[in-house]
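Notes for the structure review
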Amino acid sequence: MFSHKIWRLLDTSEIYFYFLRKPNLKFFCTFPHRQENKHTTLKENQTIKPFLKSTASDLKSSGKMKAKRLSVEGNIAVGKSTFLRLLSRVNPDWSLVTEPLKKWQNIQTTAQPQDFSQDMGNLLQLIYKDPARWSYTFQTFSCLSRFRIQIEPLPEQLLKIKEPVQIFERSIYSDRYVFALTLSKLGHMNAVEWAMYQEWHSFLMQEFDERVALDGIVYLRANPEKCFERLQKRAREEEMTVQQNYLENLHEQHENWLARKTTNVQFQKVKNIPVLMLDVNEDFENNSDASDLLSHKVKDFIADL
């Protein structure tokens, strides 16, 4: 009954972004709002079409996967984008799906300039600038964008090849069991926000089921010091305030989830996903021997799935 009501809500609603006006105080919030209800005292800023476009029957379908689907996981600046470029050169027929970074950096709004600071549309900037204020908002948006990517139908071109492979840069699983969990442990997401995040994440996991399932995980493993060195080298503007201890916390959580298997994972399928751990402390972008070794390990891993 609960799931049916939530599905009806998600299926018939659009998500509105609002600023609540109070003296000397502004709040930013999101909540579902039925389109036919015209009575509201809040100022409308933006409508985002719901990413849940599938019907309930589609969500419950569990057709056999037509491609082997994996995610590449790892710390910030561990080298995921470089690794995906390597795989694209070696295996041009594979479908490689990067993180929707630009979407996180540019939230479109219709707010007036006086109501909207210069960096308000950049969620990545906001979470690093004020994690206690923006962690729940960012993790909600980032995870929903990951869900949206993972439920997309396979590219038509991919289905034409003999052994189709699709690889995502991170997944809905690391969003919860690494990033959101770490932010919760650090106190940037309070107990209520963490409970809410887990509630809707579990609901969507159950509803989408096989449509978000992965066949394997490639864990790029490097020590936090090396990741911090690479982060400083790439000098992404939003990451200028990121400290090494944050990367140490993320590294520890990756290890708990994928290496030690001590993270409390609620879904048996997620617990049983095969994991390939690759040491990427050594620079592999400009080292043909290292890159060849990594790509061959991935090929062998996928062949055995």
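Residues numbered from 1 in each chain as written. Predicted model: local features only at pLDDT ≥ 70, side-chain atom pairs only at ≥ 80, totals over all residues. Heavy atoms only, no water.

**Let's talk about the packing of helix α7 (residues 172–185) against helix α8 (residues 191–208)**
If you want to describe how two helices pack, look at the angle between their axes and the distance between the axes. Interhelical geometry of α7 versus α8 gives an angle of 170° and a closest axis separation of 11 Å. On the basis of the axis angle, α7 is roughly antiparallel to α8. In this structure, α7 contributes I172, Y173, D175, R176, A180, L181 and S184 to the contact, and α8 contributes W194, Y197, Q198, H201, S202 and M205. For the contact of α7 with α8, a count of residues per class yields 7 nonpolar, 4 polar and 2 charged. (Axes fitted to C-alpha atoms, helices over the stretch in contact; angles between N-to-C directions. Helix = DSSP H or I, 4+ residues; strand = E, 2+ residues; numbered from the N terminus. Parallel < 35°, antiparallel > 145°, perpendicular 65-115°, else oblique. Contact = heavy atoms within 4.5 Å. Nonpolar A, V, L, I, M, F, W, Y, C, P; charged D, E, K, R; others polar.)

**Quick notes on unusual backbone geometry**
Of note in the backbone geometry, A77 takes a positive phi value of approximately 65° without being a glycine. Mapped onto the elements, A77 comes out in the loop between β4 (68–74) and α3 (80–90). With a relative accessible area of 6%, A77 lands in the buried category. Of note, A235 is a non-glycine position whose phi angle comes to about 50°, a positive value. Along the chain, A235 falls in the loop between α9 (224–234) and α10 (244–259). (Buried < 20%, exposed > 50% of the residue type's maximum accessible area, 1.4 Å probe, protein only.)

**Brief notes about α8**
In a regular helix each residue adds 1.5 Å, so 18 residues correspond to 26 Å; α8 covers 26 Å between its end C-alpha atoms and thus fits that length. Of all the positions in α8, only E193, W194, Y197, W200, H201, S202, F203, L204, M205, E207 and F208 are classed as buried. For α8, the capping residue at the N-terminal end is N190, with a side-chain oxygen 3.0 Å from the backbone nitrogen of V192. (Expected span 1.5 Å × (residues − 1). Polar contact = N/O pair within 3.5 Å; in protein donor to acceptor, adjacent residues only side chain to side chain.)

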